[in-house]
Amino acid sequence: MTNADTDADTDLDADQRDRPDQPDELDLDTPMPPAMTAVRRALDVAWWVFLAVIATPVLLVLGLIVTYGVERAVPEDYPTVAREDMVRRVTDRSQDAYEVLGFDEVVPADAQNSLSGDHCYPNGLESVADTPVTDAYRLSHSWTLAGIPETEALPALRRLETHLKEEGWRIREFEELKGSDGEWELRAERDGATEEAGIDRMVFTWMREGGRFYGGSHGGCAYEPAGSELPADDIAPEMGPKR
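Worth saying up front: this structure is predicted, and the values here are computed from it rather than measured.

Would you explain the state of the cysteines in this entry?
In total, this model carries 1 disulfide according to the counting rule given. Two residues share a disulfide in this structure: C120 and C221, whose sulfurs sit 2.1 Å from each other. An S-S torsion of about -110° defines the bridge between C120 and C221 as left-handed. Of this pair, C120 sits in the loop between β1 (113-118) and β2 (136-145) while C221 is found in the loop between β6 (212-218) and β7 (222-223), placing the two residues 101 residues apart along the sequence. Taken as a pair, C120 and C221 share a single burial class, namely buried.

What should I look at first to understand helix α4 (residues 150-166) in this one?
Owing to its 3.6 residues per turn, the α-helix brings residues three or four apart onto one side. Between its first and last C-alpha, α4 extends 24 Å over 17 residues, near the 24 Å set by a 1.5 Å rise per residue. Buried within α4 we find A153, L154, A156, L157, L160, E161, H163 and L164. At its buried positions, α4 is contacted by α3 (83-101), β3 (170-176), β4 (183-191), β5 (199-207) and β6.

Any chance you could explain the nonpolar core here in plain terms?
Burial of nonpolar side chains together is a common tendency in soluble globular proteins. Formed by 23 residues in total, the largest nonpolar core has its most connected members in F103, W143, F204 and F213. Those elements that provide at least two residues to this core are α3, β2, α4, β4 and β5. Top element by residues in this core is α4. It accounts for 6 residues. Every residue in contact with F213, bar those within four places of it in the chain, is listed here: L101, F103, W143, T144, L145, I148, A153, L157, F204, T205 and W206. Residues V90, L115, Y137 and A236 belong to the second largest nonpolar core, which totals 9 residues.

About the cut-offs
- Residues numbered from 1 in each chain as written.
- Predicted model: local features only at pLDDT ≥ 70, side-chain atom pairs only at ≥ 80, totals over all residues.
- Heavy atoms only, no water.
- Disulfide = S-S within 2.5 Å.
- Helix = DSSP H or I, 4+ residues; strand = E, 2+ residues; numbered from the N terminus.
- Buried < 20%, exposed > 50% of the residue type's maximum accessible area, 1.4 Å probe, protein only.
- Expected span 1.5 Å × (residues − 1).
- Contact = heavy atoms within 4.5 Å.
- Core = buried A, V, L, I, M, F, W, Y, C linked by side-chain atoms within 4.5 Å.

Read these as layout, nothing more, since geometry by itself doesn't imply function.
Here is the structure:
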């Protein structure tokens, strides 16, 4: 060994003594301690939970916006019925019920025997806008009698209940109203032309005070035919006993 080699080895040993201890090279294949593994997994879970908390409301709002837009673009599924035909439909039902009730009085076309119209509103998310459907309407016919005694009113309602069942109506209620002073009510309904058009309803009420008897026939929603003109007034026909 030469003097130069000896001097080099001596310098190397001195250099290593002067340097602080260096850590061993990181072994990537060495498994982490169980505690560190648990912490890492917990952090991963917390991160995904954080993302879910942030993303869920955003996705929900986007879904509502898309659903609302689709519903607005699709027209309501109402049948097309001329207004005069709807007038005939609801008043014919009232006349049929009146004949079954068997009252002898004639009900003239006045404030006690009248028609009323109303707007139709969409279902679903569109309903939050509270905007009526364009060119859609619903009609109701209402009538009132006074001086009908209980001995006549209750048997008449029972006959009408049986008749409506036979005609395919569903009886929703027929009873003396709780907390009332002798007030009886009969409610019946039948599915309309479409689900969105709603149900057709018939409502009859007798009140012991004054012997007042109320009847009502309510149609579902419908579109007025394109290009037709609405009549200025809807006048209910006179009602009377069966002839």
